[in-house]
Amino acid sequence: MKKKIQTIIYFLLSCIVLSSCSSGADNNNFIPGMYVREVHNEFSIGRDTLVINPSNTTMYSIIHTGSYQRIKDGKLLSAKSIHENWTATYDNDKKILQETKRGRVLSFDVPKNILLLGSSHYKKIK
């Protein structure tokens, strides 16, 4: 009976270890790609794109592009563009990307196919 309990405990611990390892792998495999977000509110309209590529096992390059138009007195102002290159490190324990210059934190909801950057939700399209 004691050996049977030890076998069950060993099996359960193995399942826990394997499940934690595979979720990290899923996250790592999910990260590279293109993410988009559209904004439409009373102050502006616009679109952001993040393209994430691995540099090595823990570093990623991120290209942030976007365009937006502010709204003033109900009228659209001229379009503005954004183009930035970011570098981020992957924290395997927290399952996040931390942008190195400004400290932005990018997290991922793999089942929902989204990237979270602050309160912004980006949908993965590629």
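Remember, it's a predicted structure, so these values are computed and weren't measured experimentally.

Enquirer: Before we go on, may I ask you to explain the side chain of Asp48 in this structure?
Expert: If you trace the backbone, Asp48 turns up in strand E2 (residues 44–54). A residue is classified by how much of its surface remains accessible, and Asp48, at 9% relative accessible area, is buried. For Asp48, the side chain forms a polar contact with the side chain of Tyr122, separated by 3.1 Å.

Enquirer: Help me out: how do you make sense of the pattern of salt bridges in this one?
Expert: Where charged atoms of side chains with opposite charge meet at close range, the side chains can pair. The tally for this structure, following the rule as stated, stands at four salt bridges. With a shortest N-O distance of 2.9 Å, Arg47 and Glu38 are connected by a salt bridge. According to the relative accessible area criterion, Glu38 is exposed, its value standing at 62%. Between Glu99 and Arg104 there is a salt bridge; the shortest N-O distance is 3.6 Å. Of the two residues examined, Glu99 and Arg104, each falls in the buried class.

Enquirer: How should I be thinking about the packing of aromatic side chains in this particular structure?
Expert: Given two aromatic rings, their pairing is described by the distance between the two centres and the angle made by the two planes. All chains considered together, the criterion is met by three aromatic pairs. Note on Phe30 and Tyr35: the rings are 6.2 Å apart at their centroids and 70 degrees apart in plane angle, and the pair reads as edge-to-face. On the accessibility criterion, Tyr35 (0% relative accessible area) is buried. Each ring, one from Phe30 and one from Phe108, has its centre 6.1 Å from the other, and the planes form 80 degrees; the classification is edge-to-face. Of the two residues, Phe30 sits in helix H1 (residues 2–30) while Phe108 sits in strand E6 (residues 105–109), which places them 78 residues apart along the sequence. You'll find Phe30 and Phe108 in the same group, each marked buried. Site record: aromatic cluster; members linked through ring pairs are Phe30, Tyr35 and Phe108.

Calculation criteria
For every chain, the first residue of the written sequence is number 1, and numbering continues from 1 onward in sequence order. The model is predicted, so local features are restricted to residues of pLDDT at least 70 and side-chain atom pairs to those at 80 or more, both for listing and for counting; the totals for chains, interfaces and linings are taken over all residues. Excluding hydrogens and water, the side-chain values take into account all heavy atoms of the structure. Each helix is a run of DSSP H or I of at least 4 residues and each strand a run of E of at least 2, with the numbering of both proceeding from the N terminus. Only protein chains enter the accessibility calculation, which uses a 1.4 Å probe; a residue whose area is less than 20% of its type maximum is buried, one above 50% is exposed, and one in between is partly exposed. For this analysis, a polar contact is any N or O atom pair within 3.5 Å, provided that within protein one partner can donate a hydrogen and the other can accept it, and provided that sequence-adjacent residues contribute only side-chain to side-chain pairs. Salt bridge, as used here, is a side-chain nitrogen of Lys or Arg placed within 4 Å of a carboxyl oxygen of Asp or Glu. In this scheme Phe, Tyr and Trp rings, the latter by its six-membered ring, pair at centre separations within 6.5 Å, and the angle between planes marks the pair as stacked below 30 degrees, edge-to-face above 60, and tilted otherwise.

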